[in-house]
Every structure is written in C-alpha cells, then in structure tokens.
Amino acid sequence: MRVLALVHGLWLGGAQVVTLEFFELMRSRVEFKVLTCEGADFRFLDVLGAMGLETYRVPCRTSSGYPILAIEQAQKLVEWADVVWITDVEYSVAPRIKRIKNVPVVAHIHSYALVCPWWGAMYSLREVCAARCSAWRIVGCKQGFNRELARIGLLDGIGAKVYWLLDFGKGPLDYYRWRRVMDSVVDSIDFFVAVSNATRDVVVSHLPEVRDRVEVVYNPTAHRPWRYVSSLPEERGNYIFYAGGANLNKGPHILLRAFKLLREWGGDVELVMTGTAGTWVEALARRYGVGQGVRFLEKLPEREYFRLMAGARVTAMPSIWPEPFGIVAVESISLGVPVVASQLGGIPEIVGEYGSITPPQPAKVATAILAVWERNYNREEMKTYAYKKFGPENLEKIIRIFEKYV
C-alpha cells in the first residue's frame, strides 16, 4: 500500500504535531511519501528530515486561512499513490486530485474547518455553529468574539461598536470566500477521520451525508512526553500548570479569576502559565491583583515544558470554545497529572476519571481545582490509561481505513 500524505506545514500547530507522531509510528509499517509546502515552517521540515522521510514540496498560498497546495505540480506523486491522506485542512486539493487520478482520498478532521470558516470567526468563543453555516451566522460569531474582548477589557467600548458594525460586511465576505475554497470538497473525499466523538457529531450535524463515511480515531500522543521525562517526580509541586499561552479561546482570563478566588480562599498555591510572558495575560493578571502569584513564562523547549508539567499538582484547561481534542490533556494524564477542564468539545472524552470537567466559569473552575488538588491519583494507572486510549493502537485504525480502499 502506497500512501501520499499531504501536510502543509506552514505553521506548527496541534494538528501538525499529531501528524508527525503518526508519521513516526507509520514509517516502518507503510510505504508513504510526504507532500508539503515550499514555505513550510523550518521546525516542521527539520523533524521530517530527522525521520528520513521521502518529502516533496510544492508552491502554496492561503485563502481565508486555508492552505491551497499546487497539487498539479505533483501529478506523478498522485499517480503513484494508492491512497491520498489529507492530514489537516488541505481540503481544497481533493477535487483536483480526483481530476488527476480517481484515487481514494481520506481526510483528517482536527477542527471544524470543514463545516464553517475557521479560527475565531466560527466559534464566537462559546460554541460551534449548531446549524449549517451561513453568512449571517458568521456575522454573529464575529460579533460574539468582539463582545468577549470588550467584556474582559481587551477592546474598549468604542472599538467594540466599530467592529460590531464592520462585521456586517466582513462576515458575508469571509463566508463567501470559504464557500469558494470548499466548493465540491466533501463530494471528493471518500472517508473522514475525526479526532473525537464530539468533533464527529458536529461535522455530521452540518453534513449528514457523511454520517456513514466518518470514523473516530484518537490522536496517538500519550507517549510524546516520555521522550523528555525519564521518570515521574516522587512528589508533586505546589502549582497549577497552564499551557494555552495567550490564546483567548483557551480561557486564560477565566483561570486568572479562578486563581484569584483560590488565593482569597486562603490557598497557598502558585500558577504557572507557559507562553504568556509579556502578553495581555500578564497585564490582565496585574489588573486582577494576582500578578505576584503567577509565573509567566515564554514558550518553553519541549524538555523543560514536559518536566514542568510532570511536576504540577493539576493542569488547568478552562477553554471557552469546544476543543476538538485537547493534546495537553492527554500529555498531562500520561505524566500522571490530573486535569481540570471545560465540559466542551472532545475534552471530556480524554479526562474521564482523572480530573474534573466543569463549565468555564471562575468559581466552578476554582472549586474543581480544589477538589482535584486534595485527591490522590494512581499516577502509573493514569499513564497506562493514556497509553491504551491515546497510544500506538490508533495507528492500526488509520491503516485499516487506508486498506479498506486499496
């Protein structure tokens, strides 16, 4: 079986990290080649090079945040393949692949980009569109985003009103650009792989015609921290770990308010926030009066990052949008650190009994952290759970899907 994997590599996000993990597991099992963009992130290319994978690059451009690969320049690769695997949001190539060769196309669903324009526009920082996407819904989502910015003081009242008006024009424009990119995409994809049941359910609610050609395969990321952590620390530290950076969707402002409550309740606890140094998160903490109790860190090298995570008492993920999966939760549980996270998206499927699921509200997050803080967990049991559910067995599921079409 010959697999051609398409991965844009223009940025190194969660989907690309997961894809690289699949590549690492797959390279001894399947004959495959990688097609990426000429302008791919050098860190991504370095990992591909270290794996020794046969990699090709073509020109790429982006439209509304979607990478458009010049697949016509890789015609021989498409003709070589038994299966083409779209690993992230490179969906626009599907109809053009079919014009080159009627080869099976399997597409990964790491986000909601298949059913609505992605990034902040479609989430409204609260929910994924519950009905089919429309220009009017995009207007509402954008306005919801700006209301959230204004609510926490990152956008002043005048600015919020100006953006609110501008969104009446920007929303339809984003929608019609998205429609142009996604034209005929769904009909050209033979099978879809969703990263969680929650993500699958959202996609099917928008596209009921794909109900019988989508399967859930969890991301195999449980083993990743153990490349950098040799053993579990004997004692957990006296701190909460947060890894969402300054991304508003991850709810750092919710966590800061929850942390303030913990301090007011007399808790002797520290909050460690990676990827937040020098950002609006640090400024907001000072406004909330908790700047002295928080360690604001730059984005850390992976070795330092995972060691810090392994020493935490709890990892907090107060996301205010429905995470399709939640890699941080898997990594934390694999390291024996329980998770307090939002009851949104795919996160509850990960956490299970190894933490607490709560609405992203400061008082409830603080209460959940206290409860988890005082509970004893079997860290080896947590590691075993993570490996079993989010480990290499998921590669076998992907391979079976590929084999179904060969």
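Throughout what follows, the structure given in this document is the object of discussion. (Residues numbered from 1 in each chain as written. Predicted model: local features only at pLDDT ≥ 70, side-chain atom pairs only at ≥ 80, totals over all residues. Heavy atoms only, no water.)

**Re the overall build of the protein**
Thinking step 1. Scanning the protein from N- to C-terminus turns up 16 helices and 15 strands.
Thinking step 2. Taking 22 Å as the expected radius of gyration for a compact globule of 406 residues, we find that the protein reaches 21 Å, a close match to that expectation.
Thinking step 3. With the C-alpha coordinates aligned to their principal axes, the bounding extent of the protein is approximately 65 × 55 × 35 Å.
Thinking step 4. Per-residue burial over the protein gives 60% buried out of 406 residues. (Helix = DSSP H or I, 4+ residues; strand = E, 2+ residues; numbered from the N terminus. Rg over C-alpha atoms; globule rule 2.2 N^0.38 Å. Buried < 20%, exposed > 50% of the residue type's maximum accessible area, 1.4 Å probe, protein only.)

**Considerations on the sheet that holds strand β10 (residues 239-242)**
Thinking step 1. The parallel open sheet is built from 6 strands, whose spatial order is β12-β11-β10-β13-β14-β15. Edge strands, defined here as strands with exactly one partner in the open sheet, are β12 (294-297) and β15 (355-358). On average, adjacent strands in this sheet sit at an angle of 20 degrees to one another, irrespective of strand direction.
Thinking step 2. Against the sheet, helix α9 (residues 252-264) contacts β10, β11 (270-274), β12 and β13 (314-317), and its axis sits at roughly 165 degrees relative to β11.
Thinking step 3. Together, β10, β11, β12 and β13 form the strand contacts of helix α11 (residues 302-310), whose direction differs from that of β10 by roughly 140 degrees. (Pairing = 2+ DSSP bridges. Axes fitted to C-alpha atoms, helices over the stretch in contact; angles between N-to-C directions. Contact = heavy atoms within 4.5 Å.)

**Considerations on the sheet that holds strand β2 (residues 31-37)**
Thinking step 1. Within the open sheet, the 7 strands sit side by side as β3-β2-β1-β6-β7-β8-β9. Their pairing is parallel. Where the open sheet ends on each side, the last strands, each with one partner, are β3 (55-58) and β9 (214-216). Here the average twist between neighbouring strands, direction ignored, is 25 degrees.
Thinking step 2. Packing of helix α4 (residues 93-100) onto the sheet brings it into contact with β1 (2-6), β6 (83-86) and β7 (105-109), and relative to β6 it is tilted by some 170 degrees.

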